[in-house]
Amino acid sequence: KAGVTQTPRYLIKTRGQQVTLSCSPISGHRSVSWYQQTPGQGLQFLFEYFSETQRNKGNFPGRFSGRQFSNSRSEMNVSTLELGDSALYLCASSRGTAGGSPLHFGNGTRLTVT
Amino acid sequence: QKEVEQNSGPLSVPEGAIASLNCTYSDRGSQSFFWYRQYSGKSPELIMFIYSNGDKEDGRFTAQLNKASQYVSLLIRDSQPSDSATYLCYGNQFYFGTGTSLTVIP
């Protein structure tokens with residue numbers, strides 16, 4: 001059974017640009033959640049999509065947005081990049097809502113903003 | 001106040017010893033807890049989950065949940081060097097603990 005696939009693995013962008021990250025969940029999983037991981041802040045919840053609807057949202061500015069398609073694949077977009085957005089972005093899929101189900105993580109996208 | 005507080009360590013134990021990792025949480029409505037292990041440069045992977053008060057054992061791992069005291073712990077018996085990693089606890093309110101770095105010394 002294929003795991004969670006995130007693309008691309010690495011990204012280098014400059015301040016002010018925007019970026020789109022992609023996540024393909026495990027087949028049959030309807031929830032995709034996104035997390036930002038930095039050395040200082042640890043793993044922080046961005047948002048969760050379930051059956052194409054944003055179910056829950058963390059405490060991030062509106063520059064961070066996402067969507068989910070009918071095949072459960074999800075994309076996350078960050079606009080007007082700032083240096084502080086440099087981080088590892090992880091997506092996770094789960095059968096039920098991310099709040100109460102085991103999460104299966106992808107390998108992450110390492111974003112560097114210069 | 002953070003939703004999930006974790007003893008951040010780092011924690012070092014000799015090979016064969018018991019490693020004890022602890023989390024406290026603030027939301028009494030939290031129903032389920034998960035422990036993830038993250039090796040350096042890798043993604044978190046689930047090692048245990050617990051929903052009910054008491055202990056749950058899986059091989060060398062035991063998760064303990066005490067809802068009255070609002071803490072959850074993970075015990076690793078017969079610790080091995082391969083257990084050296086960061087351990088993250090996660091409650092069902094989307095918050096991860098800050099992680100405890102465990103080093104098992106051969």
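Right above here is the structure, for reference.
Residues numbered from 1 in each chain as written. Chains lettered and ligands numbered in written order. Predicted model: local features only at pLDDT ≥ 70, side-chain atom pairs only at ≥ 80, totals over all residues. Heavy atoms only, no water.

Visitor: Where do I start with the side chain of B:T62 in this structure?
Guide: Residue placement: B:T62 occurs in strand β7 (residues 61-66). Among the polar contacts made by the side chain of B:T62, one reaches the side chain of B:R77 at a distance of 2.6 Å. (Helix = DSSP H or I, 4+ residues; strand = E, 2+ residues; numbered from the N terminus. Polar contact = N/O pair within 3.5 Å; in protein donor to acceptor, adjacent residues only side chain to side chain.)

Visitor: It is not clear to me how the pattern of salt bridges should be interpreted in this structure. Could you clarify?
Guide: For side chains of opposite charge, pairing can occur when their charged atoms come near one another. Residues and elements named next belong to chain A. Applying the stated rule across the entire model yields seven salt bridges over all chains. Close ionic contact of D85 with R63 constitutes a salt bridge, the shortest N to O distance being 2.8 Å. With D85 in the loop between β8 (74-78) and β9 (87-94) and R63 in the loop between β6 (53-57) and β7 (64-68), this residue pair connects regions lying 22 residues apart in the sequence. Pair check on accessibility: D85 and R63 agree, each one buried. (Salt bridge = Lys/Arg side-chain N within 4 Å of Asp/Glu carboxyl O. Buried < 20%, exposed > 50% of the residue type's maximum accessible area, 1.4 Å probe, protein only.)

Visitor: Before we go on, may I ask you to explain the interface of chain A and chain B in this structure?
Guide: Where interface size is given, it is often the accessible area lost as the parts come together that is meant. Each partner contributes to the interface: chain A provides 18 residues, whereas chain B provides 16 residues. With both chains or domains summed, chain A and chain B bury close to 1300 Å², and 62% of this area falls on carbon and sulfur atoms. In this structure, the connection of chain A to chain B is made through zero salt bridges. Run the count over chain A and chain B and you get four residue pairs in polar contact (both at pLDDT 80 or more). (Contact = heavy atoms within 4.5 Å. Buried area = accessible area lost by both parts, 1.4 Å probe.)

Visitor: Could you clarify how one ought to interpret the layout of surface pockets in this entry?
Guide: Any space left empty among the atoms is revealed by the rolling of a water-sized probe across them. Put simply, the largest pocket is a space of about 450 Å³. Taken together, 20 residues line the largest pocket, and the ones lying closest to its centre are A:L43, A:Q44, A:F45, B:Y95 and B:F96. Of all the elements in the fold, those that place two or more residues in the lining of the largest pocket are β5 (42-50) and β6 of chain A. For the lining of the largest pocket, the element with the most residues is β5(A), which contributes four residues. Looking at the lining of the largest pocket residue by residue, the classes come out as seven nonpolar, 10 polar and three charged. The space that makes up the second largest pocket amounts to roughly 300 Å³. Lining the second largest pocket are 16 residues, with A:L88, A:R110, B:Q38, B:G41 and B:K42 positioned closest to its centre. Broken down by secondary-structure element, the contributors of at least two residues to the lining of the second largest pocket are β4 (31-38) of chain A together with β9 (85-91) of chain B. Within the lining of the second largest pocket, the residues separate by chemical class into five nonpolar, eight polar and three charged. (1 Å grid on protein atoms, 1.4 Å probe; cavity = no way out; pocket = protein on both sides within 12 Å on 5 of 7 lines; lining within 4 Å. Points joined across faces, edges and corners; volume = space filled by probe spheres on them. Nonpolar A, V, L, I, M, F, W, Y, C, P; charged D, E, K, R; others polar.)

Visitor: Would you mind going over the sheet that holds β9(B) with me for this structure?
Guide: Two modes of strand pairing occur in sheets, parallel and antiparallel, and in both the strands are linked by backbone hydrogen bonds. Residues and elements named next belong to chain B. The five strands lie next to each other as β2-β10-β9-β4-β5, forming an open sheet whose pairing is mixed. Strand pairing shows two members of the sheet lacking a second neighbour, β2 (11-14) and β5 (45-50), which therefore form its edges. Sheet twist, expressed as the average angle between the axes of neighbouring strands with direction ignored, equals 25 degrees. Of the strand pairs in this sheet, strand β4 (residues 33-38) and β9 are connected by six bridges, and their pairing is antiparallel. Paired with R37 across the bridge in β9 is Y87. (Pairing = 2+ DSSP bridges. Axes fitted to C-alpha atoms, helices over the stretch in contact; angles between N-to-C directions.)

Visitor: Would you mind going over the nonpolar core with me for this structure?
Guide: The nonpolar side chains of a soluble globular protein tend to be buried with one another. Counting residues in hydrophobic clusters, the biggest one holds 22 residues, and the most contacted among them are B:W35, B:V72, B:L74, B:I76, B:Y87 and B:L102. Elements supplying a minimum of two residues to this core: β3 (19-25), β4, β5, β7, β8 (71-76), β9 and β10 (100-105) of chain B. With four residues, β3(B) is the largest single contributor of residues to this core. Once you skip the residues sitting within four places of it in the chain, B:L74 turns out to touch B:A19, B:S20, B:L21, B:W35, B:I47, B:M48, B:F61, B:T62, B:A63 and B:Y87. Among the nonpolar cores identified, the runner-up in size contains 21 residues, and A:L46, A:M76, A:A87 and A:Y89 belong to it. (Core = buried A, V, L, I, M, F, W, Y, C linked by side-chain atoms within 4.5 Å.)

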